[in-house]
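Tertiary structure, described
Residues per chain, in single letters:
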Amino acid sequence: MKQLVESRAHVAYVAFVVHRLSGISLAVFLPVHFLVLGLVIESTAALDGFIAWTDQPLVKAAEAILIVLLCVHLAGGLRLLLIEFVVWNDRQKLFISGGFAISLAIGLLFLLNG
Amino acid sequence: MVSDIKVEIFKGENGQGDFVAYEVPRLESQTVLDVVTYIQRKLDPALAYRFACRVGMCGSCAMMVNNRPRWTCRTHVEEVVKQGQLKIAPLRNLPHIRDLATDMAPFFDKMQKAGGCFVADATVPQHMLEIDPLSAARQEVDAGIECIGCAVCYAACDVAAWKADYVGPAALNRAWTLVKDERVADVNWYLKQVALDGGCTSCHTQGACSVHCPKSLNPSRSIAGLKQAMANAFLKGVL
Ligand code: FES
């Protein structure tokens, strides 16, 4: 019997999904990151060319998203490490929403400084 | 007030079947279990479902109500009815028997598997332990022992749906109350049980158990406690 389930509609589940998706996105990004770093071995000009290309607004926006993903994954990971190895705290909702808010703020700061 | 409720109930055997529609008169302070009982008594005597105490003690009346697991004897219709409709199905994650009745055996077997039995220290009769009800350890135990074994947490849990050998939140919550119990003989035995595959490390802290527990227990917290205790035992080399 296939059942529709609504028991996922709560903050901790959203945190779980965001942690998974950000983890997968970062894992996909990493090889590209190393590839670009590898350009410098060929020639510094190639790397400089690429860095100039990243100054485009669309690429800047993609970078901001990447930074938010990284922060959100870091915050989620720290929260889990804390409750699984150190101590439980009943204010999990605050931790989760705080982690999201700080990550978004860091992404915005990056855009404003860009 | 006296409008009818449109109720859809899953009817069938071994997971095969479909939802059947009924109309039930709406009454004041009516519970979801009242609705199911009305249908069985007046409209469909063959309907299979389970209940015993009707006051939230026995844990036998849990069902999926509008796609969420709930204890039906303590759930008022007005809390859960959506546009005059109720959809009632058997509990998720458990083998289906008939209509609204599921096979609870795997749920209780898993409680045993996670070490859910109290094994006292054999020397206790000679050295009667004095348990301070205000001690931190006893408070941890008290926070978890009110479980009525209704399997609402188990039905709410996605890990229980994905991983067949996951023992589930109730079993781990029970194990945690024993790990923190000063009277048990061998705490490490309990930690070994929950460290097995399908034990506490399978939990992804999704928290649906704590959100849905009708007794407002916090199995997520108990499981986190087990993970901490397990890690400490591992570092000390006793696991
Ligand atoms: S009938 Fe006993 S808990 Fe609902």
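Residues numbered from 1 in each chain as written. Chains lettered and ligands numbered in written order. Predicted model: local features only at pLDDT ≥ 70, side-chain atom pairs only at ≥ 80, totals over all residues. Heavy atoms only, no water.

**Brief notes about the domain arrangement of chain B**
Residues and elements named next belong to chain B.
- When its domains are assigned, chain B resolves into domain 1 (4-102) and domain 2 (105-235).
- One C-alpha centre belongs to domain 1, the other to domain 2; they are set 29 Å apart.
- Each partner contributes to the interface: domain 1 provides 15 residues, whereas domain 2 provides 17 residues.
- With both sides pooled, the region where domain 1 packs onto domain 2 buries about 1,200 Å², and carbon together with sulfur makes up 63% of that total.
- Contact with domain 2 buries area across many residues of domain 1, yet Trp 71, Arg 92 and Asn 93 alone supply 41% of it, more than any other trio.
- Across the domain 1-domain 2 interface, the total number found is one salt bridge.
- The interface formed by domain 1 and domain 2 holds five residue pairs in polar contact (both at pLDDT 80 or more) in total. (Domains from an automatic or database assignment. Contact = heavy atoms within 4.5 Å. Buried area = accessible area lost by both parts, 1.4 Å probe. Salt bridge = Lys/Arg side-chain N within 4 Å of Asp/Glu carboxyl O. Polar contact = N/O pair within 3.5 Å; in protein donor to acceptor, adjacent residues only side chain to side chain.)

**A short note on empty space enclosed by the protein**
Residue and element names in this part refer to chain B.
- Overall, the coordinates contain four cavities of 30 Å³ or more when judged by the stated rule.
- Here the largest cavity is characterised by a volume of approximately 120 Å³.
- Around the largest cavity, the lining comprises 14 residues; the ones closest to its centre are Cys 147, Cys 153, Ala 170, Cys 213 and Leu 217.
- Split into classes, the residues belonging to the lining of the largest cavity amount to eleven nonpolar, two polar and one charged.
- When its volume is computed, the second largest cavity comes out at roughly 80 Å³.
- Taken together, 13 residues form the lining of the second largest cavity, with Cys 157, Cys 203, Gln 206, Gly 207 and Cys 209 sitting closest to its centre.
- Contributing elements (two or more residues each) for the lining of the second largest cavity: α9 (208-212) and α10 (219-235).
- For the lining of the second largest cavity, the class distribution of residues is eight nonpolar, five polar and no charged. (1 Å grid on protein atoms, 1.4 Å probe; cavity = no way out; pocket = protein on both sides within 12 Å on 5 of 7 lines; lining within 4 Å. Points joined across faces, edges and corners; volume = space filled by probe spheres on them. Nonpolar A, V, L, I, M, F, W, Y, C, P; charged D, E, K, R; others polar. Helix = DSSP H or I, 4+ residues; strand = E, 2+ residues; numbered from the N terminus.)

**Quick notes on the pattern of salt bridges**
Residue and element names in this part refer to chain B.
- In the structure shown here, the tally under the stated rule is 15 salt bridges over all chains.
- Across the salt bridge formed by Asp 44 and Lys 11, the nearest N and O atoms sit 2.7 Å from each other. One end of the pair, Asp 44, is in the loop between α1 (32-43) and β3 (62-65); the other, Lys 11, is in strand β1 (residues 4-13), with 33 residues separating them in the sequence.
- Where Lys 163 meets Asp 197, a salt bridge forms, and the shortest distance between an N and an O atom there is 3.4 Å.

**Observations concerning the interface of chain B and chain A**
- Facing the 28 residues of chain B at the interface are 21 residues of chain A.
- Interface of chain B and chain A: buried area, both sides summed, is about 2,100 Å²; carbon and sulfur atoms make up 54% of it.
- In this structure, the connection of chain B to chain A is made through three salt bridges.
- Between Arg 8 of chain A and Asp 158 of chain B there is a salt bridge whose closest N-O contact spans 2.6 Å.
- Summed over the shared surface of chain B and chain A, the result is eleven residue pairs in polar contact (both at pLDDT 80 or more).
- Elements supplying a minimum of two residues to the side of chain B that touches chain A: β4 (68-71), α6 (158-162), α9 and α10 of chain B.

**Quick notes on the nonpolar core**
Residues and elements named next belong to chain B.
- Ranked by internal contacts, the top residues of the largest apolar core, which has 64 residues, are Val 7, Ile 9, Leu 86 and Leu 226.
- Split by domain, this core shows at least three residues from each of two domains, domain 1 (4-102) and domain 2 (105-235).
- The contacts of Val 7, once residues within four sequence positions are left out, are Val 20, Ala 21, Tyr 22, Val 24, Val 35, Ile 39, Leu 86 and Ile 88. (Core = buried A, V, L, I, M, F, W, Y, C linked by side-chain atoms within 4.5 Å. Buried < 20%, exposed > 50% of the residue type's maximum accessible area, 1.4 Å probe, protein only.)

**Comments concerning helix α8 (residues 187-195) of chain B**
- For α8 of chain B, every residue scored as buried is listed here: Tyr 190, Leu 191, Gln 193 and Val 194 of chain B. Looking down the long axis of α8 of chain B, one finds its buried residues gathered within 155° of arc, a one-sided arrangement. (Arc of directions from axis to C-beta.)

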